[in-house]
Amino acid sequence: MANAASGMAVEDECKLKFLELKSKRNYRFIVFRIDGQQVVVEKLGNPEETYDDFTASLPADECRYAVFDFDFTTAENCQKSKIFFIAWSPDSSRVRMKMVYASSKDRFKRELDGIQVELQATDPSEMSFDIIKSRAL
């Protein structure tokens, strides 16, 4: 069991839903969780949902991985979009959970081709809308 984290499986649905977010823009965000020995989709956010809806779907005391499709307008008035990968690891979550999520993160992220910005957050202030905006530009 000590080396279980490195052998974390990624459910095909995770990759399929990410591709739909990236190419078809079917979703605004996807929240993933580790269930046993694999990463699974926990929640899909509709394209109409906001960043506040996304942050509200992250549990206050459990780790999650998430992907958020951020639309913005540049200073030159161009519509752009960046895909964020967020590793949510709140201080109040269990140490074992934090370790499993931390050790599986890079392997999981490699499965999602097209991530443009990575963010790690331990409390909501570390992933505020202003931070997302500043990282996108």
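Residues numbered from 1 in each chain as written. Predicted model: local features only at pLDDT ≥ 70, side-chain atom pairs only at ≥ 80, totals over all residues. Heavy atoms only, no water.

- As named in an unreviewed UniProt entry, the protein chain is ADF-H domain-containing protein, taken from Capsella rubella.
- Under Sequence similarities (unreviewed entry), UniProt gives the following word-for-word description of the protein chain: "Belongs to the actin-binding proteins ADF family."
- Per its UniProt entry, the protein chain bears the Subcellular location (unreviewed entry) comment "Cytoplasm, Cytoskeleton". (UniProt positions renumbered as here; feature names shortened; annotations may be inferred.)

1. Remarks on the pairing of strand β5 (residues 79-88)
Step number 1: Looking at chain direction, strand β4 (residues 64-73) and β5 are connected through 10 bridges and run antiparallel. Each residue of the ladder has a partner; that of Arg 64, found in β5, is Trp 88.
Step number 2: What sits between the antiparallel neighbours β4 and β5 is a turn of five residues, in which Asn 77 has the positive phi angle 65°.
Step number 3: Sheet topology note: the β5/strand β6 (residues 117-121) ladder contains five bridges and is parallel. (Pairing = 2+ DSSP bridges. Helix = DSSP H or I, 4+ residues; strand = E, 2+ residues; numbered from the N terminus.)

2. A look at the pattern of salt bridges
Step number 1: If you walk through the whole model with that rule in mind, you get 14 salt bridges.
Step number 2: We note a salt bridge from Asp 71 to Arg 25, for which the minimum N-O separation is 2.5 Å. Taken as a pair, Asp 71 in strand β4 and Arg 25 in the loop between α1 (12-24) and β2 (29-35) lie far apart in primary sequence, 46 residues in all.
Step number 3: Note that Lys 105 is salt-bridged to Glu 118, the shortest N-O span being 2.6 Å. Here Lys 105, found in helix α3 (residues 95-111), pairs with Glu 118, found in strand β6; they are 13 residues apart in sequence, far enough to count as distant. (Salt bridge = Lys/Arg side-chain N within 4 Å of Asp/Glu carboxyl O.)

3. Examining the nonpolar core
Step number 1: Of all hydrophobic cores here, the largest spans 22 residues; its most connected members are Phe 32, Val 39, Tyr 65, Val 67 and Phe 108.
Step number 2: Contributions of two or more residues to this core are made by α1, β2, β3 (38-45), β4, β5 and α3.
Step number 3: If near-sequence neighbours (up to four positions away) are discounted, Tyr 65 is found in contact with Ile 30, Val 31, Phe 32, Ile 34, Val 39, Phe 85, Ile 86, Val 100, Tyr 101, Ser 104, Lys 105 and Phe 108.
Step number 4: Core analysis: the next-biggest nonpolar cluster, separate from the first, contains 18 residues, Phe 29, Leu 58, Ala 66 and Ile 132 among them. (Core = buried A, V, L, I, M, F, W, Y, C linked by side-chain atoms within 4.5 Å. Buried < 20%, exposed > 50% of the residue type's maximum accessible area, 1.4 Å probe, protein only. Contact = heavy atoms within 4.5 Å.)

4. Details of the environment of Ser 104
Step number 1: In this structure, Ser 104 sits in helix α3.
Step number 2: Ser 104 gets classed as buried once you look at its relative accessible area, which sits at 2%.
Step number 3: Along the sequence, Ser 104 and Met 8 sit 96 residues apart, while their C-alpha atoms lie 6.6 Å from each other.
Step number 4: A distance of 2.8 Å separates the side chain of Ser 104 from the backbone oxygen of Val 100, its partner in a polar contact. (Polar contact = N/O pair within 3.5 Å; in protein donor to acceptor, adjacent residues only side chain to side chain.)

5. Overview of the confidence of the model for the protein chain
Step number 1: In this model, the protein chain carries a mean pLDDT of 93, and residues with pLDDT of at least 70 account for 95%.
Step number 2: Taken together, the stretch residues 1-5 has pLDDT below 50 and engages in six contacts with residues farther than four places along the chain or on a different chain. (pLDDT = per-residue confidence, 0-100.)

6. Let's talk about α1
Step number 1: Its 13 residues place the ends of α1 17 Å apart at the C-alpha level, agreeing with the 18 Å of an ideal helix rising 1.5 Å per residue.
Step number 2: For α1, the set of buried residues is Cys 14, Lys 17, Phe 18, Glu 20 and Leu 21. Angular distribution of buried residues about the axis of α1 spans 155°; they occupy a single face of the element. Facing away from the buried surface of α1 by more than 90 degrees, the exposed residues are Asp 12, Ser 23 and Lys 24.
Step number 3: Next to the buried residues of α1 lie β1 (9-10), β2, β3, β4, β5 and α3. (Expected span 1.5 Å × (residues − 1). Arc of directions from axis to C-beta.)

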